[in-house]
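# An overview of the molecular structure
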Amino acid sequence: MDSEMLKHMRPESLMMSYGYKPELSEGAVKCPIFQTSTFVFKSAEEGKAFFEIAYGHRAQNEGEELGLIYSRINNPDLEILENRLTLWDGAEDCAVFESGMSAITTVLLEFLQPGDLLLMSNPLYGGSDHFIKKILPKFGIQVAEFRVGQSREEIIAIVEKTGLAHKLALIYIETPANPTNDLIEIAGSKAIAQHFSTPDKQVYLAVDNTYMGPIWQHPLKHGADLVLYSATKYIGGHSDVIAGACLGSKALMKRVKGLRTFLGNMASPNTGWLLLRSLETLKPRMDVQALNANKVAAFLNTHPKVEKVYFIGNLTEANGEQYAIKQKQCLSNGGMISFDVKGGEKEAFQFLNALKLIKLAVSLGGTESLAEHPATMTHVDVDANLRKELGITEKMIRLSIGVEYYEDIIYDLQQALNSITG
Ligand SMILES: *Cc1c(COP(=O)(O)O)cnc(C)c1O
């Protein structure tokens, strides 16, 4: 396909073919699993040239590509997967990892040095929160935090109060926030990064986009420098693989891939192949999940045993700033719904224990609907006071909506809500 035609095509039309050349694999219509640790060079000269490029010892000649060397550096399954992932986010390059956490920690280690300050939004995914607050301080990296709803001026003041504003190197945010679905403006976060950037030091913005996946929000288009995914969630989509991804400009991704080579936390060829398969149905899966979520939220909104529903689709102009952010950066209401049952932990547990079709498990974004209790499960490690302030209470349930027939999801929710005796 020529570049004119490629430009015309939507990503979903290219997920079955982009970047794969059947003639290099005996004509196989599908990309095989390149289950190999190393690759044979045609000549010693070729091996020398590949290494010169891989280690950046000389610039690439016109049209010269990095040849295959060793599966910790590159592998066809990973390269094709990375190329396909760039299409959704409009990124120049991508790196895939063996987990979301390895993508996140590699970015944090690459863009922060001892003495630096990191600014993060709250709440973050528990694993990210732990790494930032418990592991990064061991490397002399400080952290400042802000909450959803704080103004740009307030956030700038938080950074300045640390006395380390000149050492701010990275802003790390997650939007919508898990599990409350509160939104943070990506362009506003970029403006804060620019406020603290100087001619010789750029402050980067990294966005964990796992909750919206590559279909429903495109942070790079709103000024983010790096976008991160737990590919375990919507990208993998079948709850059968752990993986991660990072996307951004060629220059930044060169740094990310460089550190990945030496940490050795790239995805395996088999993981790459599984994700190639997942990507073929990414769009239709997520379309159905979003449609189902709208139907489920409408049901929960009026149920007498439900006190409050946290769903982006419920935002209206009356919600002011939150609604404005949604209109600006969210392409869908998403597939994640949280709600408070009337009562407390007892009622929430009665509901969870009564579910039959929906599985009681953490994680999200898969084809099957899942339910969990954030206060005692995913967010148990969050400081109790902060948890209360953020609205993560004993009565809250988090749902990840799958691809089942929506009336069957609602039927299960209905019978489980009715089983609450209080
Ligand atoms: C699951 C998750 C992660 C961690 O990803 P793993 O693939 O489990 O390592 C990071 N961020 C968010 C928002 C997640 O939901």
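Residues numbered from 1 in each chain as written. Predicted model: local features only at pLDDT ≥ 70, side-chain atom pairs only at ≥ 80, totals over all residues. Heavy atoms only, no water.

## Topic: the sheet that holds strand β9 (residues 336–341)
Note the threshold: Two strands qualify as a pair provided that DSSP identifies no fewer than 2 bridges between them. Under the scheme used here, helices are H or I runs from DSSP no shorter than 4 residues and strands are E runs no shorter than 2 residues, and both carry numbers assigned from the N terminus.
One open sheet holds the five strands; their spatial order is β8-β9-β12-β11-β10, and the pairing between them is mixed. The outermost strands of the open sheet, each flanked by one partner alone, are β8 (306–310) and β10 (359–360). Across four bridges, the pairing between β8 and β9 is antiparallel. Among the inter-strand pairings, Tyr310 is bridged to a residue of β9, identified as Ser338.

## Some remarks on the packing of aromatic side chains
Selection rule: The criterion for an aromatic pair is that two Phe, Tyr or Trp rings (for Trp, the six-membered ring) have centres within 6.5 Å, with stacked assigned to planes under 30 degrees apart, edge-to-face to planes over 60 apart and tilted to the rest. Think of it in three bands: residues with accessible area under 20% of the maximum for their type are buried, residues over 50% are exposed, and the middle band is partly exposed, with areas taken using a 1.4 Å probe on protein chains only.
One pass over the structure, following the stated rule, counts eight aromatic pairs. Geometrically, the ring pair formed by Phe41 and Phe51 is edge-to-face, given 6.4 Å between the ring centres and 80° between the ring planes. Note that Phe41 is positioned in the loop between α2 (11–14) and α3 (44–54) and Phe51 in helix α3, a separation of 10 residues in sequence. Judged by relative accessible area, Phe51 falls into the partly exposed class, the value being 33%.

## A word on the nonpolar core
The nonpolar side chains of a soluble globular protein tend to be buried with one another. Heads up, the rule is: For this analysis, a nonpolar core means a set of buried residues of the types Ala, Val, Leu, Ile, Met, Phe, Trp, Tyr and Cys, connected via side-chain atoms within 4.5 Å. Boundaries of every domain are those given by an automatic assignment or by a domain database. Contacts between residues were defined by any pair of non-hydrogen atoms, one from each residue, lying within 4.5 Å.
The biggest cluster of nonpolar side chains holds 61 residues, and the ones touching the most others in it are Leu85, Leu119 and Ile171. Per-element accounting of this core gives the leading share, five residues, to helix α4 (residues 76–89). Each of domain 1 (71–279) and domain 2 (283–418) gives at least three residues to this core. Among all residues touching Leu119, those that are not within four sequence positions of it are Ala144, Glu145, Phe146, Ile155, Val159, Leu168, Leu170, Ile171, Tyr172 and Ile192. Residues Leu300, Val341, Leu352 and Ile358 belong to the second largest nonpolar core, which totals 27 residues.

## A few points about the UniProt feature "modified residue: N6-(pyridoxal phosphate)lysine" (unreviewed entry) in the protein
We count it as follows: UniProt positions are given in the numbering used here, feature names are shortened, and annotations may be inferred rather than shown by experiment.
Look at the UniProt record and you will see "modified residue: N6-(pyridoxal phosphate)lysine" (unreviewed entry) annotated at Lys233. You can call Lys233 buried: its relative accessible area is 10%. With near-sequence residues (within four places) excluded, Lys233 lies in contact with Tyr125, Thr210, Ser363, Leu364 and Gly365.

## Some points on the site of the ligand
Cut-off, in case you're wondering: Proximity criterion: a residue is near a molecule or strand once any of its heavy atoms comes within 4 Å of it. Counting of polar contacts relies on pairs of N or O atoms within 3.5 Å, with two restrictions inside protein: one atom must be capable of donating a hydrogen and the other of accepting it, and residues adjacent in sequence are counted only when both atoms are side-chain atoms. Each accessible area is a Shrake-Rupley result for a 1.4 Å probe, and residues are judged covered by the shown protein chains and nothing else. Under the grouping applied here, Gly and all other residues not named as nonpolar or charged are polar, the nonpolar ones being Ala, Val, Leu, Ile, Met, Phe, Trp, Tyr, Cys and Pro and the charged ones Asp, Glu, Lys and Arg.
Within the structure, the ligand sits among 14 residues, and Met101, Asp208, Ser230, Thr232 and Lys233 are positioned closest to it. One of the backbone N or O atoms of Gly100 is found 2.9 Å from an oxygen atom in the ligand. Contact distances for the ligand include 2.7 Å between an oxygen atom and a side-chain N or O atom of Lys233. Its free accessible area being 380 Å², the ligand has 93% of it covered by the protein chains. Of all the elements, helix α5 (residues 100–111) adds the most residues to the shell around the ligand, at three residues. The class makeup of the residues in the shell around the ligand is six nonpolar, five polar and three charged.

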